[in-house]
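The lines below spell out each chain.
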Amino acid sequence: VRPKIDNNLNPIYFGYALIAYQKQIEKLGEGSTGQIELPRKRLSEDIYIPLPPLKEQQKIAEILSSLDEKIELNIKMNKTLEEMAKTIFKRWFIDFEFPNEEGKPYKSSGGEFINSELGEIPKGWRVGKIKEFGKVITGKTPTTKDKENFGNKYPFIKIPDMNNTHTILTNTYLSEKGRELMKNRELPPNSICVSCIATVGLVSLTAENISFTNQQINSIVCNEEISPYFVYLYMKILKNHIENLGWGGTATLNVNKKVFENIKIILPEQKILNKFHKIVNPIFSKILNNQKEIQTLTKIRDALLPKLITGKIRVK
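What counts as what
Residues numbered from 1 in each chain as written. Predicted model: local features only at pLDDT ≥ 70, side-chain atom pairs only at ≥ 80, totals over all residues. Heavy atoms only, no water. Salt bridge = Lys/Arg side-chain N within 4 Å of Asp/Glu carboxyl O. Helix = DSSP H or I, 4+ residues; strand = E, 2+ residues; numbered from the N terminus. Pairing = 2+ DSSP bridges. Axes fitted to C-alpha atoms, helices over the stretch in contact; angles between N-to-C directions. Parallel < 35°, antiparallel > 145°, perpendicular 65-115°, else oblique. Contact = heavy atoms within 4.5 Å. Nonpolar A, V, L, I, M, F, W, Y, C, P; charged D, E, K, R; others polar. Left-handed = near helix turned anticlockwise from the far one by under 90°.

### Structural notes on the pattern of salt bridges
Within the structure shown, the criterion is met by 21 salt bridges. Two residues, Arg314 and Glu56, come together in a salt bridge whose shortest N-O distance is 2.8 Å. Highlighted residues: Arg314 in the segment after helix H10 (270-310) and Glu56 in helix H4 (residues 54-93), separated in sequence by 258 residues. A salt bridge links Glu62 to Lys59; the nearest nitrogen and oxygen atoms lie 3.6 Å apart. Here Glu62 pairs with Lys59, and both are found in helix H4, just 3 residues apart, close to one helical turn.

### A look at the sheet that holds strand S6 (residues 154-157)
Pairing within the open sheet is mixed, and its 4 strands lie in the order S5-S8-S6-S11. Looking along the sheet, the strands with just one partner apiece sit at the ends: strand S5 (150-151) and strand S11 (212-213). Where S5 lies against strand S8 (residues 172-174), 2 bridges are found, and the strand directions are antiparallel. For Gly151, the partnering residue across the bridge sits in S8 and is Tyr173.

### Remarks on the packing of H4 against helix H7 (residues 228-237)
The contact between H4 and H7 brings their axes to 10 Å, and the two run at 85°. With respect to H7, the element H4 is oriented roughly perpendicular. Along its contact with H4, which presents Glu82, Ala85, Lys86, Phe89 and Phe93, the element H7 presents Phe230, Tyr232, Leu233, Tyr234, Lys236 and Ile237. Each residue belonging to the contact of H4 with H7 can be placed in one class, and the counts come to 8 nonpolar, no polar and 3 charged.

### Observations concerning the packing of helix H1 (residues 11-20) against H4
At a minimum axis distance of 8 Å, the contact between H1 and H4 shows a crossing angle of 65°. Judged by the angle between their axes, H1 and H4 are roughly perpendicular. When you trace H1 past H4, the crossing you get is left-handed. Facing H1, whose interface residues are Ile12, Tyr13 and Tyr16, H4 presents Gln57, Ile60, Ala61, Leu64, Ser65 and Asp68. Classifying every residue of the contact of H1 with H4 gives 6 nonpolar, 2 polar and 1 charged.

Laid out in structure tokens, this is it:
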């Protein structure tokens, strides 16, 4: 049936049908200058889609739409949750309005400050280098000549994978053999990954028990007493500073390990850091759970889509 929208065609179903037949549509593209175009006539006359009864189309549209709506809801929720964590971080560690012993905002209540190389900071706080708060690990790529280094077991994080708070899915995975070659570069959960070559300043957290990165990423494995969420949010705040460190007279930005691990940050008193972690830990846990649910829902939708559109699964 040619896709002609009328009273017998649900437009949402039609939209999903076009997604299901995307590869076939792409093959109809024309052009030899690198600019591929799809003539309207070919789209209207050469694309055929299954057309079940209207009520079944509506039901298919409802099923797929409900999955997409839940995915979108989780994405929006995660943005809101991270903004909440950022707001708390800024109030406590930039504005210094963390709760004092009486539960009142420290700076507004006349809290005492001392001078430091990064400006005035609350009494009892200090300035330190990143390498003091955890181990810095620069990633590496195992030789691609040996295909057995790669598989589907251990996430291998590259810059394009760093598009969420936690990096769950990656385009490339290492095998057991690849892991053995990279064993001294293993990253545990909640390691903070920071892109430091070319695209500089992206930040994400590892999610799996064992992850790896390529050489464009420096990662921080925090000491036990240091909150990884504090460091994660701090790295977010320092994005512009990290970018500036990457300018070295070449066309490609590059923040090497030595420069990166010597970046100075303000470290609060341990009791304040512990309070902060206790507050934001459930926020980041919820973000991670939402991301995992997005992953599951996306797999379900992608599996159902072609089967529903082609009629392999019928809906009464």
